[in-house]
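# Tertiary structure, described
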Number of protein chains: 2
Amino acid sequence: MTKNSKDLRSNCPINFAVETFGDKWTLLVLRDLMFKGKRHYSDFLASDEKISTNILADRLQKLDENGVITKSSDPDNASKFIYSLTEKGQALLPAMVEMTAWSASYDSLTNTPAEFLNAYKTNKDGLIEMFKSQFKHQ
Amino acid sequence: MTKNSKDLRSNCPINFAVETFGDKWTLLVLRDLMFKGKRHYSDFLASDEKISTNILADRLQKLDENGVITKSSDPDNASKFIYSLTEKGQALLPAMVEMTAWSASYDSLTNTPAEFLNAYKTNKDGLIEMFKSQFKHQ
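All of the points below concern the structure found in this document. (Residues numbered from 1 in each chain as written. Chains lettered and ligands numbered in written order. Predicted model: local features only at pLDDT ≥ 70, side-chain atom pairs only at ≥ 80, totals over all residues.)

## Regarding the nonpolar core
M96 of chain A together with M96 of chain B are the most contacted members of the largest nonpolar core, which has 58 residues in total. Listed by contribution, the elements that provide at least two residues to this core are α1 (13-21), α2 (26-35) and α6 (93-106) of chain A together with α1 (13-21), α2 (26-35) and α6 (93-106) of chain B. Not counting residues within four places of it along the chain, the set of residues in contact with M96 of chain B comprises I14 of chain A together with L30, R31 and M34 of chain B. (Core = buried A, V, L, I, M, F, W, Y, C linked by C-beta atoms within 7 Å. Buried ≥ 20, exposed ≤ 12 C-beta atoms within 10 Å, placed from the backbone. Helix = DSSP H or I, 4+ residues; strand = E, 2+ residues; numbered from the N terminus. Contact = placed C-beta atoms within 7 Å.)

Now the structure itself:
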């Protein structure tokens, strides 16, 4: 069941965003789904930031409850689940792209790919469309 | 002193964003500075989400340390401080606009102004420029 602002601290859209992903971990899981092609629990667990298993389970459950991701059985392995972005989750792409570009500008040690930054500066709409087309093939 | 990713969990740009504002409160303070014209401690404290004074003081200090805001004496009242977005803070505008539009799409009770959403759909670049021009007059 997707929450809306009647359950939240205010009806402000920035607060709605904060209530969905305002913590130290959720955006990293969304990043893994959106940009890294990760689909399985063990893949998220293996990311550089070393999320703990109990926090990961909690964040995946909340993202599912909030309608941002779905969880389904893996057709290739009945003992595993596949996590996917819903349309609501995919719609966070422009915000994620803007956050990435902002961080790349202000973190001298960023690992943001040069191709990303070049496409962001010269053809942002094209960059967004390229990522959207990847969603269709997942 | 501005942090960069050498102090952080990874060099990922999304992680850099999370380390800057990945919590339940920081984006609300940035919202107040960016969209609501709030400049004083007591103004942030009065926002709908009812931030506590110790959390507010902590988040303002972290934003200052991270180079996202500055704190200066209020020329109109020597006992007060004025908080302002730095260039780094102002550069979060496109990400904030995208988050706002996303929330407005998925929260049926959003209080996002209709003029904002109309401008977002028809002239996003113009909307961004309008907010940027407001920064210049602060």
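Now that the structure has been shown, we can carry on.
## Brief notes about helix α4 (residues 53-65) of chain A
Between its first and last C-alpha, α4 of chain A extends 18 Å over 13 residues, near the 18 Å set by a 1.5 Å rise per residue. The positive-phi residue at the C-terminal boundary of α4 of chain A is G67 of chain A, with phi of around 75°. (Expected span 1.5 Å × (residues − 1).)

## Description of the interface of chain A and chain B
Facing the 41 residues of chain A at the interface are 41 residues of chain B. Only α1, α2 and α6 of chain A provide two or more residues apiece to the side of chain A that touches chain B. If you tally residues by element for the side of chain A that touches chain B, the top one is α6 of chain A, at eleven residues. Here the side of chain A that touches chain B is built from residues that sort into 18 nonpolar, 13 polar and ten charged. (Nonpolar A, V, L, I, M, F, W, Y, C, P; charged D, E, K, R; others polar.)

## A closer look at the pairing of strand β2 (residues 77-85) of chain A
Residue and element names in this part refer to chain A. Alignment of strand β1 (residues 69-74) against β2, held across six bridges, turns out to be antiparallel. Residue pairing across strands places K71 opposite Y83, the latter belonging to β2. The turn joining β1 and β2, which pair antiparallel and follow one another in sequence, is formed by two residues. (Pairing = 2+ DSSP bridges.)

## Description of the environment of E129 of chain A
Among the secondary structure elements, E129 of chain A is positioned in helix α8 (residues 124-136). Given 12 C-beta atoms within 10 Å, E129 of chain A falls into the exposed group.

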